[in-house]
Amino acid sequence: MAINTVMVIGAGQMGAGIAQVFAQSGFDVKLNDLQEEALEKGRAGIEKRLTRAVEKGRMTEDEKTGRLSRLATTTTLADAHDCDFVVEAVVENMDVKKKVFSELDTHAPAHAILASNTSSLPITEIAASTKRADQVIGMHFMNPVPVMKLVEIIRGLQTSDETYQAIEDMTKQLSKTPVEVRDFPGFVSNRVLMPMINEAIYTVYEGVAEPEAVDEVMKLGMNHPMGPLTLADFIGLDTCLYIMEVLHEGFGDSKYRPCPLLRQYVQAGWLGKKSGRGFYQYES
């Protein structure tokens, strides 16, 4: 199936990054959000990143103009009526995602593939809110999207081979590396990463070491480019907590129990870099 026109739902950091990558790769893109302000901010961010690429000699001014010309904005899901592919990047909440997919199912053409950028929620359950479960798939981009090469492609229980192949081929068109993953809580990336972050938080909670020491051990001893607590601050501690809760509920295994200190930080509003305070303090 030829994919030419795509819609990206959600103009936040992830959604805007996904829209940029599609526009750069020659697709016509509709960036959707409920709020005009979010759309303006998302588009401004894309333009800023493309301008920086021009300044660094990675693209010409004409190429930048061409890529921006392929990007439209919209506040209504009804504009998915002529899209071949739709990917949502809205809040990580199952009820919200199911509502989006149910509405999309009524607007997108029958041939359109619907994808979720969820980092941990079950694709099978999301797909059940549509009448085209065989055409629903997970497409988990990494942050920052324009830079990171990996895309986890998650098959739901009913995802067809044709749908998977179309998305794998499209991912390669985006100059990304697709990795096939089955529909289990946390998939691969967060099933491995989040328990490591959670355990790092436990070492602080139990007084084993200070955050700086934990991060230095992992950077210098394990050759990680960034320590787990710094990474947690960048991801958002509320997001880390939510994913740990998904893992804990999904597997029913106590090894996925969120650290009480993580829960306490979130309750305090210490969410990491975005709030100015997490395991480290940040300038506003």
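Rules and cut-offs
Residues numbered from 1 in each chain as written. Predicted model: local features only at pLDDT ≥ 70, side-chain atom pairs only at ≥ 80, totals over all residues. Heavy atoms only, no water. UniProt positions renumbered as here; feature names shortened; annotations may be inferred. Helix = DSSP H or I, 4+ residues; strand = E, 2+ residues; numbered from the N terminus. Buried < 20%, exposed > 50% of the residue type's maximum accessible area, 1.4 Å probe, protein only. Contact = heavy atoms within 4.5 Å. Domains from an automatic or database assignment. Buried area = accessible area lost by both parts, 1.4 Å probe. Salt bridge = Lys/Arg side-chain N within 4 Å of Asp/Glu carboxyl O. Nonpolar A, V, L, I, M, F, W, Y, C, P; charged D, E, K, R; others polar. Axes fitted to C-alpha atoms, helices over the stretch in contact; angles between N-to-C directions. Parallel < 35°, antiparallel > 145°, perpendicular 65-115°, else oblique. Left-handed = near helix turned anticlockwise from the far one by under 90°.

Looking at an unreviewed UniProt entry, one finds the protein chain named 3-hydroxybutyryl-CoA dehydrogenase, with Pontibacillus yanchengensis Y32 as its source organism. Among the UniProt annotations of the protein chain, the heading Sequence similarities (unreviewed entry) holds the following wording: "Belongs to the 3-hydroxyacyl-CoA dehydrogenase family." Recorded in UniProt for the protein chain, the comment headed Pathway (unreviewed entry) runs: "Lipid metabolism; butanoate metabolism."

What follows covers the UniProt feature "site: Important for catalytic activity" (unreviewed entry) in the protein chain. Following the UniProt record, the feature "site: Important for catalytic activity" (unreviewed entry) maps to His140 here. Position of histidine 140 relative to the elements: it lies in strand β6 (residues 136-141). Residue classification places histidine 140 among the buried positions, given a relative accessible area of 6%. Excluding anything up to four places from it in sequence, histidine 140 contacts Ser116, Asn117, Thr118, Ser119, Leu150, Val151, Glu152, Ile154, Phe187, Ser189 and Asn190.

The next point concerns the domain arrangement of the protein chain. According to the domain assignment, the protein chain consists of domain 1 (5-182) and domain 2 (190-274). At the junction of the two partners, domain 1 supplies seven residues and domain 2 supplies four residues. Across the interface of domain 1 and domain 2, roughly 410 Å² is buried in total on both sides, 53% from carbon and sulfur atoms. The largest contributions to the domain 1 side of the interface with domain 2 come from Glu92, Ser119 and Ser120, which together make up 68% of the buried area. Applying the counting rule to domain 1 against domain 2 returns zero salt bridges. Residues of the side of domain 1 that touches domain 2, tallied by class, amount to two nonpolar, four polar and one charged.

Quick look at the packing of helix α7 (residues 189-205) against helix α9 (residues 228-235) now. Orientation of α7 relative to α9, taken along the N-to-C sense of each, is 115°, at an axis distance of 9 Å. By the angle between their axes, α7 is roughly perpendicular relative to α9. In terms of crossing hand, the pair formed by α7 and α9 is left-handed. For the pair α7 and α9, contact is made by Leu193, Met194, Met196, Ile197, Ala200, Ile201 and Val204 and by Pro228, Leu229, Leu231, Ala232 and Ile235, respectively. Split into classes, the residues belonging to the contact of α7 with α9 amount to 12 nonpolar, no polar and no charged.

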